[in-house]
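# Structural overview for review
This is what each chain is made of:
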Amino acid sequence: MAAIKSADVFVVDDDVALCESISSLLRSIGLKVKTFSSGLSFLNAAEIEHPDCVILDVRLQGENGLDLPTMMRSKNIDSPVVFISGHGDIRMSVSAMKTGALDFLAKPFRDQELLDSVAMSIKQCNERRNASDMLASLRTRHSTLTTRERQVMTHAVNGLMNKQIASLLGLSEVTVKIHRKQAMDKMCARTFADLVKMEVMLYDTTKYGS
Amino acid sequence: MTTATDSGLAYFLRASAKRGVMIFFMLVFFLIDSIGPFDFVVAVFYIGVVAISGEAGDRRWILRVASGCGFLTVLSCLLFHEPGSRYSLEAPLATLIGICIVAHLVLEKKETKNQLRFQADLLGRSQALLESTQNLSSTGSISLLFPSMDMHWSVEAKRIFGFDGDNSPLISDLLRSIHPNDHDLVLSTIQGLYRQQSPAEAEFRIILSDRRTKIIRLVGRPTGLTDDLAEITMVLIDVTSARESEDRFQQCQTELANIQRVMTFNEIIASIAHEVNQPLAAVVTSAQSGLRWLNRPTPDIAEIDLALLRVVEQTNRASAFMKNLREHSLESARVAEPVCISEILKSAELFLKREARASQIDISFHINNDTPLVSADRHQIQHVIMNLVVNSMESLSINYGGIREVIVVGSRSVSGDLSVSVRDSGAGIRGEDLDKLFTPFFTTKINRVGVGLAICRSIIEAHGGRIWAGSERHAGAIFNFSLPQLGKVSI
């Protein structure tokens, strides 16, 4: 998670005039903007700052803008990308969308089109960040559980009854009930269903990695 | 094989019978000579036998017969004639001399005959070689005698033209099988060979009796000329398959060039679009952001100022690019020099004939002698002509069933200017398309950009000329352009 955030939107285009125009347009609605004329300088900055949206020209001086999303992923930059192109044909827009881009705009575009895309991008970014914030707090809560509490939680979520868990772990049924109550309290689960959902989220993220 | 053996045997039997008869006569004459009173008459008999000995054998046989006759003469003289007799020595001596002379003559005749047979063999062999060579190379030859118009055809020549039978075809047969449009060409080539007495070449089509068409290359040379007799030899080469593969090659190349042209054009368009789009995008975006800054509760004058400055700057950038583009366009590359249109038309004719043949189109060029010189860029005018003719040929697509003809005419207009027209026998141009023909990116063809005629117009108009098109229903399309004659307008 970016600690310092100097800009919401990064604009990458080798044409300085267009960079400034887009910057001016976005600033007029109160966004913070940084412009870059090369893919490399953009990657270096984005690695630190993780912008909410990247506006990327397909044709950059000496490099292909379509390659940048892959490079961004390899550097763990998850900012949504909006491509802009001077001579966009169907083939190019298809390959742009295949890189995982959020949108593809042909120059010259209408201001509202660009602003809509940027807004969507920021929204998507926020949602993604909220989800990852939630997961982080879930993990913190999960780490406060004792080994016994975790075992009981896992078995309970898997559908075993208290009696079965007790015999499996060699505990009395009352002790299992206490551990179960403790686990639900610590995980801030209001109902047992909440606990199941939390376990699934934790399981998925440990399984697939986040 | 059997027949060869049989005929060999028959020959042997015949020769042996002849020899037997000769020996029999020699003995009969010996008896007559020995016992009869006919001294000199017998000499004639012996000489007669020697004279016909050549019929029944070779050199050795003739010598044997001669010496046999001589021996018998001497023998009968020694045995039966008394030494005192008046004719006893004169007659045998005369007989011997006679035999010698006749034997000598017969031998010589035999020798000549052998030589003749050898020559005939040689001739036969070289004739066979010639025939197989002609057959393998699809090359026939014809000789033509003037003024009798007698012709001699080689076997292969007859085969190429599809004539069978032993009779030599006549000049009228030859002319009848020639494609009607090439008729005059062949006739004038043959006449030229006869009149100018210098070698000539031509290529023409013939139509066989089964409607097949062949392309024939003719190379002719006058071979003999006396006061009132002339002979020309013509070699006829069947070049149909060679021309067909050449045509296919040419077609592939044309297609490739076409694809390349379209691709290059697309590249150019893409790069121009990029160069224009970039400032245009900046202008639009700046203007819109300026509006947004203006419409804020407190307008930000500094930002509005910057945005407007960018608008001005980027507009200038775009117009500078367009100016640069114009400077690199046709206009700046044009060279003006006196140009004779007939040269351009002739070189175009050479190039286009092949393409026309591949598409089975008859193309003809008519260049009037009084066409004026014009001041022009040779290559650009060539481009215009090629473009118009290729367009016309394309209008006669391979499926077009009517007359397939393109006529190019170069002439002098009433005002003294140069006028060139290209007319085709295709389906013509639809009325609503006629106005749009010369506008860029208008095309009725697939995979075309539609700038050919637009470029033609810009070239012709830059030369101070005019270009226009017309079309009559069912009479094809006609494209014309005119260029001012040299000295009338300077470009």
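## Things to note about the sheet that holds strand β2 (residues 33–36) of chain A
All names here are of chain A. Taking strand neighbours across the sheet as the criterion, the five strands line up as β2-β1-β3-β6-β7 in an open arrangement whose pairing is parallel. Bordering the open sheet on either side are β2 and β7 (103–106), each of which pairs with just one other strand. Within the sheet, the average angular offset between the axes of one strand and its neighbour, ignoring direction, is 20°. Where helix α4 (residues 90–98) meets the sheet, it contacts β6 (81–85) and β7, and its direction lies at approximately 150° from that of β7.

## Examining a nonpolar patch on the surface
Together, Val74, Leu78, Leu79 and Phe80 of chain B line one region of the surface with nonpolar side chains, adding up to about 400 Å² of accessible area. Within the element layout of this structure, Leu78 of chain B appears in helix α3 (residues 59–80).

## With respect to the interface of chain A and chain B
Counting residues at the interface gives 25 residues for chain A and 19 residues for chain B. When the area that chain A buries against chain B is broken down by residue, the three leading residues are Ser21, Ser28 and Pro108 of chain A, summing to 24%. For the pair chain A and chain B, the interface holds four salt bridges. In this structure, Arg317 of chain B and Asp15 of chain A form a salt bridge, with 2.8 Å as the shortest nitrogen-oxygen distance. Between the two partners, chain A and chain B, sit 13 residue pairs in polar contact (both at pLDDT 80 or more).

## Let's talk about the environment of Met161 of chain A
Residues and elements named next belong to chain A. Note that Met161 resides in the loop between α6 (147–157) and α7 (162–169). According to the relative accessible area criterion, Met161 is exposed, its value standing at 55%. Taking the C-alpha atoms as reference points, Met161 and Glu173, 12 residues apart in sequence, are found 9.6 Å from one another.

## Considerations on the environment of Leu145 of chain A
All names here are of chain A. Summarising the element assignment, Leu145 is placed in the loop between α5 (111–143) and α6. For Leu145, a relative accessible area of 4% gives the class buried. Spatially, the C-alpha atoms of Leu145 and Met184 are 9.8 Å apart, while their sequence positions differ by 39 residues. Those residues in contact with Leu145 that sit more than four places away from it in its chain are Arg150, Met153, Ala183, Lys186 and Met187.

## Considering the side chain of Ser121 of chain A
All names here are of chain A. Positionally, Ser121 belongs in helix α5. By relative accessible area, which is 0% here, Ser121 ends up buried. Residues in contact with Ser121, not counting those within four places in the same chain, are Asp52, Cys53, Pro80 and Leu102.

## Description of the nonpolar core
Residues and elements named next belong to chain B. Among the nonpolar cores identified, the biggest contains 38 residues, and Ile381, Ile385, Val389, Val406, Phe479 and Phe481 are the most heavily contacted of them. Sequence-distant contacts of Val406, defined by excluding residues within four places in its chain, comprise Ile361, Asp362, Ile363, Ser364, Val389, Ser392, Met393, Leu396, Val422, Arg423 and Asp424. Ala157, Ile160, Leu193 and Phe204 belong to the second-largest nonpolar core, a separate cluster that totals 24 residues.

## A look at the pattern of salt bridges
Residues and elements named next belong to chain B. In this structure the tally under the stated criterion is 30 salt bridges over all chains. Its salt-bridge partner being Arg205, residue Asp182 comes within 3.0 Å of it at the nearest N-O pair. Here Asp182 is found in the loop between α6 (171–177) and α7 (183–196), whereas its partner Arg205 is found in strand β3 (residues 200–207), with 23 residues between them in sequence. Via salt bridges that share partners, Glu201, Glu203, Arg217, Arg243, Glu246, Asp247 and Arg357 belong to a single interconnected network.

## Section: the packing of aromatic side chains
All names here are of chain B. With the rule as written, the count across this model stands at 12 aromatic pairs over all chains. Between the aromatic rings of Trp153 and Phe161, the centroid separation amounts to 5.3 Å while the plane-to-plane angle is 90°, which identifies the pairing as edge-to-face. One aromatic cluster is present, built from ring pairs that chain together Phe24, Phe25, Phe29, Phe45 and Tyr46. It is Arg466 that lies over the ring of Trp468; its NZ or CZ is 4.5 Å from the centre.

## A closer look at the sheet that holds strand β11 (residues 466–471) of chain B
Residue and element names in this part refer to chain B. Sheet architecture is open: five strands sit in the order β7-β9-β10-β12-β11, paired in mixed fashion. Across the chains shown, the open sheet's two edge strands, defined by having one partner strand only, are β7 (362–367) and β11. Pairwise comparison of adjacent strand axes, ignoring direction, gives a mean angle of 10° for this sheet. Both strand β10 (residues 418–424) and strand β12 (residues 477–483) contribute to a ladder of six bridges, which runs antiparallel.

## Let's talk about unusual backbone geometry
Cis geometry is adopted by the peptide bond preceding Pro108 of chain A, which originates at Lys107 of chain A and carries an omega value of -10°. Assignment of secondary structure puts Pro108 of chain A in the loop between β7 and α5. Note that the residue after Phe146 of chain B, namely Pro147 of chain B, is joined by a cis bond; omega there is 0°. Mapped onto the fold, Pro147 of chain B is located in the loop between β1 (139–146) and β2 (151–153). One non-glycine residue with positive phi stands out, namely Cys188 of chain A, at about 55°. Within the secondary structure, Cys188 of chain A is located in the loop between α8 (173–186) and α9 (192–208). Although it is not a glycine, Ser138 of chain B sits at a positive phi angle of roughly 50°. Checked against the element boundaries, Ser138 of chain B lands in the loop between α4 (90–136) and β1. Exposure remark for Ser138 of chain B: the relative accessible area of 22% places this residue in the partly exposed category.

## Details of a positive patch on the surface
Residues and elements named next belong to chain B. Residues Arg14, Lys18, Lys109, Lys113 and Arg117 make up a contiguous surface patch of positive charge. Here the positive patch takes three residues from α4, the largest share from any one element. Looking at the secondary structure, you find Lys18 in helix α1 (residues 2–35).

## A closer look at the packing of helix α11 (residues 341–358) of chain B against helix α12 (residues 378–395) of chain B
Residues and elements named next belong to chain B. It is the contact of α11 with α12, at a shortest axis distance of 10 Å, that shows an interaxial angle of 35°. Where α11 crosses over α12, the handedness of that crossing is right-handed. On α12, the residues that touch Ile341, Glu343, Ile344, Leu345, Ser347, Ala348, Phe351, Leu352, Glu355 and Ala356 of α11 are Arg378, Ile381, Gln382, Ile385, Met386, Val389, Val390 and Met393. For the contact of α11 with α12, the residue count by class is 13 nonpolar, two polar and three charged.

## Overview of the state of the cysteines
All names here are of chain A. Under the defined criterion, the tally for this structure stands at zero disulfides over all chains. In this model Cys53 remains outside any disulfide bridge; the closest cysteine sulfur is found in Cys125, 8.4 Å from its own. A relative accessible area of 0% means that Cys53 is categorised as buried.

## Regarding the pairing of strand β1 (residues 9–12) of chain A
Residue and element names in this part refer to chain A. Here β1 shows a buried face lined by Val9 and Val11 and a second buried face lined by Phe10 and Val12. As judged from the four bridges shared by β1 and strand β3 (residues 53–57), these two strands associate in the parallel manner. For Val11, the partnering residue across the bridge sits in β3 and is Ile55. When β1 meets β2, the two strands line up parallel, connected through four bridges.

## Overview of the pairing of strand β9 (residues 405–412) of chain B
All names here are of chain B. In this sheet, β9 lies alongside β7 in parallel orientation, the contact comprising six bridges. Counted as the bridge partner of Phe365 is Val408 from β9. Pairing geometry for β9 and β10, over seven bridges, is antiparallel. The partner of Ile407 across the bridge, within β10, is Arg423. Where β9 hands over to β10, the hairpin turn is made up of five residues, of which Gly416 adopts a positive phi near 90°.

What counts and what doesn't
- Residues numbered from 1 in each chain as written.
- Chains lettered and ligands numbered in written order.
- Predicted model: local features only at pLDDT ≥ 70, side-chain atom pairs only at ≥ 80, totals over all residues.
- Heavy atoms only, no water.
- Pairing = 2+ DSSP bridges.
- Helix = DSSP H or I, 4+ residues; strand = E, 2+ residues; numbered from the N terminus.
- Axes fitted to C-alpha atoms, helices over the stretch in contact; angles between N-to-C directions.
- Contact = heavy atoms within 4.5 Å.
- Patch = residues over 30% accessible without salt bridge, like charges linked within 9 Å, V, L, I, M, F, W, Y side chains within 5 Å.
- Areas by Shrake-Rupley, 256 points an atom, 1.4 Å probe, with all protein chains shown as cover.
- Salt bridge = Lys/Arg side-chain N within 4 Å of Asp/Glu carboxyl O.
- Buried area = accessible area lost by both parts, 1.4 Å probe.
- Polar contact = N/O pair within 3.5 Å; in protein donor to acceptor, adjacent residues only side chain to side chain.
- Buried < 20%, exposed > 50% of the residue type's maximum accessible area, 1.4 Å probe, protein only.
- Core = buried A, V, L, I, M, F, W, Y, C linked by side-chain atoms within 4.5 Å.
- Phe/Tyr/Trp six-rings, centres within 6.5 Å; stacked < 30°, edge-to-face > 60°.
- Lys NZ or Arg CZ within 6 Å of the ring centre and 35° of its normal.
- Lys, Arg positive; Asp, Glu negative; His and termini not counted.
- Charge placed at Lys NZ, Arg CZ, Asp CG, Glu CD.
- Left-handed = near helix turned anticlockwise from the far one by under 90°.
- Nonpolar A, V, L, I, M, F, W, Y, C, P; charged D, E, K, R; others polar.
- Disulfide = S-S within 2.5 Å.

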